[in-house]
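# Fold and geometry: a report
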Amino acid sequence: MAALLLAARRVQGLVLGCAVLVTDAAANGYANYVLDPAFGVTPGRIGQAVITALAVGLVALSPWLAPWFARRGALQ
């Protein structure tokens, strides 16, 4: 759904994309640091770090990207 909304340049897609990435990063963090008894660096923790970086990046860029999504009607 988020991909379709983003392809249609809807602000809702940007918001949903942020929500999906943030909740995914939180769930992966819980699974990798609370439920996983392994110590040190694991493939799951590397993946969780990547998802967290993507989530932080998208949330940080959302205010800058939102006007581009909102101008959709003015350009058509």
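Since this is a predicted model, take the numbers as computed values, not measurements. (Residues numbered from 1 in each chain as written. Predicted model: local features only at pLDDT ≥ 70, side-chain atom pairs only at ≥ 80, totals over all residues. Heavy atoms only, no water.)

Turning our attention to helix α2 (residues 11-35). Three or four residues apart is the spacing at which side chains of an α-helix point the same way, because the helix has 3.6 residues per turn. In this model, α2 (25 residues) spans 35 Å end to end at C-alpha, consistent with the 36 Å of a helix rising 1.5 Å per residue. In this fold, the buried residues of α2 make contact with α1 (2-7) and α3 (43-70). (Helix = DSSP H or I, 4+ residues; strand = E, 2+ residues; numbered from the N terminus. Expected span 1.5 Å × (residues − 1). Contact = heavy atoms within 4.5 Å.)

Attention shifts here to the side chain of Arg45. For Arg45, the position within the fold is in helix α3. Buried and unpaired, Arg45 has no salt bridge, with Asp36 as the nearest side chain of opposite charge at 4.5 Å. A distance of 2.7 Å separates a polar atom in the side chain of Arg45 from the backbone oxygen of Gly40. Discounting residues that sit within four places of it in the chain, Arg45 has contacts with Asn32, Tyr33, Asp36, Ala38, Phe39 and Gly40. (Buried < 20%, exposed > 50% of the residue type's maximum accessible area, 1.4 Å probe, protein only. Lys, Arg positive; Asp, Glu negative; His and termini not counted. Salt bridge = Lys/Arg side-chain N within 4 Å of Asp/Glu carboxyl O. Polar contact = N/O pair within 3.5 Å; in protein donor to acceptor, adjacent residues only side chain to side chain.)

With 28 residues, α3 extends 38 Å from end C-alpha to end C-alpha; this agrees with the ideal 40 Å at 1.5 Å per step. Residues of α3 that are buried include every one of Arg45, Gln48, Ile51, Ala55, Ser62 and Phe69, and no others.

Read these as spatial facts, not as claims about activity.
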